[in-house]
Amino acid sequence: MKTRNSLPAVFLAPPLAILAVLAFVPTAYAIYISFRNRELSRPDGSFVGLQNYLDLFSDRRFLNAVGVSLTWEVVTVTLTLVVAIGLGILLFEFASSRMRAVMTLLFLVPVILPRVSAAFVWKFAFHPLYGIVTYPYKAITGQPLDLLSSPATALMTVALVDVWQWGLFFAVIVLKLLETLPPQPFEAARLDHARSFEIYAYIAIPMLKAPLISLAFIKMIESLRAFDLIYVMTRGGPGIATETLDMYAFSQGFIESGRISYASSMAVLMMVATTVIFTVIWKRVKP
Amino acid sequence: MTISRFLGKAVLYLAAFSAVFPMVWTAINAFKNRVDIVTPTPLFIFTPTLDNFAYVLGRESVAAGLVNSLLSAGGSVLIGALLGLPAAYAIARYPNRWSADIQFFVLSLRFLPPVAVAIPLMVIWLDLGFYDTRLSLIVTYTLLTLATVIWLGVPAFARVPKEVEEAARVDGYGPYAVFLLIALPIASRSLIGAVAFAFVLVWNEFLIALMLTTSDAKTLPIVASELTQLGRDVPWGILNASVVLLSIPPLLLIGILSGLLNNAFRRKSN
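These numbers come from a predicted model, not from an experiment.

Considering the UniProt feature "transmembrane region" (unreviewed entry) in chain A
Residues and elements named next belong to chain A.
And step 1. Per the UniProt record, "transmembrane region" (unreviewed entry) is annotated on residues 70-92, 104-125, 154-178, 199-218 and 260-282.
And step 2. Helix makes up 100% of residues 70-92 and strand 0%. Its end C-alpha atoms lie 33 Å apart.
And step 3. Between the end C-alpha atoms of residues 260-282 the distance is 31 Å, and the span holds 100% helix and 0% strand.

Right, here's the structure in full:
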């Protein structure tokens, strides 16, 4: 009775072929031009082997960008999870179901905004003269507060915007995760006179370990997309204090010198690093 | 106990306030004349003006950016949905020995740093003569929309009760009719959320558009960011107005997107 069904092949082949072409052609091409010395102004260029890669490791700006990117990943992932778990628990503990519904909607606003909008909104809020966030400091001390122009605070200020977008969003997810937990362990702990914070620290959070690790994983991937925020808020400045790898690759390949091959070698290194690291993590997290 | 309750609620209200106030403040500033923005003390009471919006909407670059954004996001989302929804259905309903690998491949596309895709694509489109065209943007964004629709579509189709599809098959429906007439309508709520999410992703996309366009095909985020980089006499009101304009479409979809989130978690708990 069972006839051969053509549906899986018909439905899967075209989209997968398109995805494969769209993903592999640029990847292969990036590797190809990273072995050449092509520039934007000159369409050709010749084979230079590993020269671009060797140059990278003596390029201080590149090493700085690696450091900034790593700092960015650690800071934004950690703070996002801390904010998300904290606010998620508060929502679960103190908010009525109606308040939860309203808060859920409000907490989703930041992450839905275009990154360019979020970046501008906060850039203006942090404006040393007219900003609403810096106003109280200015009113009290009489000094303008210029967080984005100081190398010590610029990266953290941009990170704050990223955490604002993702921390609030993940708080909603943590709330939904807490809602899926069975109530019995909580009741048992309450009968044993456990304090609220003990219930969460020793029962709820450990029960949610797997989904929370997945959330951290998602945030690690999304934190790679820091470019929009940094481009609008600081352009990598002051100096190179907030220049992440994608910002540096962009300015090498596009703005300053048009060294496409050099930028490509950076892109290839990033690609290899993220693909290897994330694949390893993913295979470990998923059973 | 009441003190911790009070404090907890206070923190929540503060977080909710911080979530919406910056955008509200931007919207307020969009209705101000420049003199009311450039004040030593932030002004809450002022004479509102529509000049900023009139200026932004009257600018050719903004109008062109809006058209480019709508066409490139609309086109790539359409292709992503037309090809991605069937693919998601096939993965959800006809598991084979590659299903897990296919899903991992689709997910792993997200691991690629955008700059690593954008630099080679810029060169490829330049060489092919399609640099700075909507066509190149739509094709590039299809990578994004297709992967997103497949990734979110699989669980949506998996939640459709199998019995319903089997009943339809007994009634003589072929596999394609089951997909079109049964699975698609039943899963439509979640699928609309998935498509809306893909649209927001592309609408908000910045880096790829920045690298693949210079003038003709510039999308709205690029136009807005150029306005924010203006020099000395920054037209703050106009800036605020353009940011508000850029943010309206995603915010309109917030209801659909939070519905997607609710669906995803509600079913899991049963």
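And the narrative resumes.
Re the packing of aromatic side chains
And step 1. Inspection of every chain in the model, using the stated rule, returns 36 aromatic pairs over all chains.
And step 2. Taken together, a centroid distance of 6.0 Å and an interplanar angle of 80° make the contact between Phe57(A) and Phe62(A) edge-to-face.
And step 3. When the ring of Phe104(B) is compared with that of Phe111(B), the centres are 6.1 Å apart and the planes differ by 75°; the resulting orientation is edge-to-face.
And step 4. On the basis of relative accessibility, which here comes to 17%, the residue Phe104(B) falls in the buried class.
And step 5. By relative accessible area, Phe111(B) is classed as buried at 0%.
And step 6. Clustering of aromatic rings is evident, with ring pairs tying together Phe11(A), Tyr89(B), Tyr94(B), Phe157(B), Tyr176(B) and Phe179(B).
And step 7. Sitting over the face of the ring of Tyr262(A), Arg259(A) holds its NZ or CZ atom 4.1 Å from the ring centroid.
And step 8. In this structure, Lys283(A) is placed above the aromatic ring of Phe104(B), and the distance from its NZ or CZ to the ring centre is 4.3 Å.

Thoughts on the side chain of Asn68(B)
Residues and elements named next belong to chain B.
And step 1. Mapping asparagine 68 onto the fold places it in helix α4 (residues 60-93).
And step 2. According to the relative accessible area criterion, asparagine 68 is buried, its value standing at 1%.
And step 3. Other than its neighbours up to four places away in sequence, asparagine 68 contacts Arg134, Asp216, Ala217, Lys218 and Thr219.

Thoughts on unusual backbone geometry
And step 1. Backbone geometry at Arg235(A) places phi at a positive 55°, although glycine is not the residue there.
And step 2. Tracing the backbone shows Arg235(A) in the loop between α11 (227-233) and α12 (245-255).
And step 3. Backbone geometry places Asp132(B), a non-glycine residue, at a positive phi of 65°.
And step 4. Along the chain, Asp132(B) falls in the loop between α6 (114-128) and α7 (134-158).
And step 5. The class of Asp132(B) is buried, set by a relative accessible area of 7%.

Parameters and conventions
Residues numbered from 1 in each chain as written. Chains lettered and ligands numbered in written order. Predicted model: local features only at pLDDT ≥ 70, side-chain atom pairs only at ≥ 80, totals over all residues. Heavy atoms only, no water. UniProt positions renumbered as here; feature names shortened; annotations may be inferred. Helix = DSSP H or I, 4+ residues; strand = E, 2+ residues; numbered from the N terminus. Phe/Tyr/Trp six-rings, centres within 6.5 Å; stacked < 30°, edge-to-face > 60°. Buried < 20%, exposed > 50% of the residue type's maximum accessible area, 1.4 Å probe, protein only. Lys NZ or Arg CZ within 6 Å of the ring centre and 35° of its normal. Contact = heavy atoms within 4.5 Å.

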